[in-house]
Amino acid sequence: MKNWKELLPEQWTENPFTLIGKEWMLVAAEKEGKVNAMTAAWGGLGFLWGKNVAFVFIRPQRYTKAFVDAADTLSLTFFGPEHRQMLGYMGKVSGRDEDKVQKAGLTVLHQGETPYFDEARLTVIGRKLYAQDLKPECFVEPDCDSRWYPDKDYHTMYVVEVEKILKAE
């Protein structure tokens with residue numbers, strides 16, 4: 001098991017555009033004693049409602065959505081390039097069909113009630129503040145709707161307060 005050091009938000013210097021959009025992350029939550037996670041490349045970091053926040057988007061058909069909906073907290077975990085194949089697997093296979101966390105060889109740790117993974121290099125622990133389904137009538141740019149939602153399976157956006165940032169040493 002790794003040693004984890006807590007970072008203050010202002011100590012975090014990595015580029016979120018690269019971190020989320022190019023390197024990807026796992027979104028994980030726990031429900032009824034079971035942990036599930038999914039790969040995500042849509043989200044961000046910022047400041048809202050007087051708090052440091054992260055936001056993530058989950059489609060309704062994703063099994064992980066039920067876990068995020070049932071939990072008060074979730075984790076966003078970031079990995080090194082040696083884990084790219086695992087991230088691909090975690091994004092393609094559903095936890096409905098198999099225990100993909102175990103099959104991917106991930107070691108579940110907990111920060112309070114929130115699961116995260118020992119193989120990660122960086123973890124954000126967040127408490128849900130807000131959840132809302134995206135709506136077609138709210139798109140200002142119609143091409144975003146037609147391009148990303150041809151099946152009308154609109155994401156739910158979650159805004160979470162960043163409670164802790166943990167970096168593996």
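Residues numbered from 1 in each chain as written. Predicted model: local features only at pLDDT ≥ 70, side-chain atom pairs only at ≥ 80, totals over all residues. Heavy atoms only, no water.

A few points about helix α2 (residues 63-70)
Phase 1 of the analysis: When we look at burial in α2, the residues that qualify are T64, K65, F67 and V68. Here the buried residues of α2 occupy an arc of 160° about the axis, which is enough to place them on one side.
Phase 2 of the analysis: Looking at the buried positions of α2, the neighbouring elements they touch are β2 (25-31), β3 (34-40), β5 (51-58), β6 (73-78), β9 (122-133) and β10 (156-168). (Buried < 20%, exposed > 50% of the residue type's maximum accessible area, 1.4 Å probe, protein only. Helix = DSSP H or I, 4+ residues; strand = E, 2+ residues; numbered from the N terminus. Arc of directions from axis to C-beta. Contact = heavy atoms within 4.5 Å.)

Focus: the packing of aromatic side chains
Phase 1 of the analysis: Using the criterion set out here, one finds 9 aromatic pairs in the structure.
Phase 2 of the analysis: Among the aromatic residues, those joined into a cluster by ring pairs are F139, Y149 and Y154.
Phase 3 of the analysis: Taking the ring centre of W24 as reference, the NZ or CZ of R84 above it sits at 3.3 Å. (Phe/Tyr/Trp six-rings, centres within 6.5 Å; stacked < 30°, edge-to-face > 60°. Lys NZ or Arg CZ within 6 Å of the ring centre and 35° of its normal.)

Section: the layout of surface pockets
Phase 1 of the analysis: In this structure, the largest pocket spans a volume of roughly 180 Å³.
Phase 2 of the analysis: In terms of lining residues, the largest pocket is bounded by P9, W12, E14, P16, L45, G46, N52, V53, V162 and I165.
Phase 3 of the analysis: Those elements giving two or more residues to the lining of the largest pocket turn out to be β4 (43-48), β5 and β10.
Phase 4 of the analysis: Taken together, the residues of the lining of the largest pocket break down into 7 nonpolar, 2 polar and 1 charged. (1 Å grid on protein atoms, 1.4 Å probe; cavity = no way out; pocket = protein on both sides within 12 Å on 5 of 7 lines; lining within 4 Å. Points joined across faces, edges and corners; volume = space filled by probe spheres on them. Nonpolar A, V, L, I, M, F, W, Y, C, P; charged D, E, K, R; others polar.)

Structural measurements only, silent on function.
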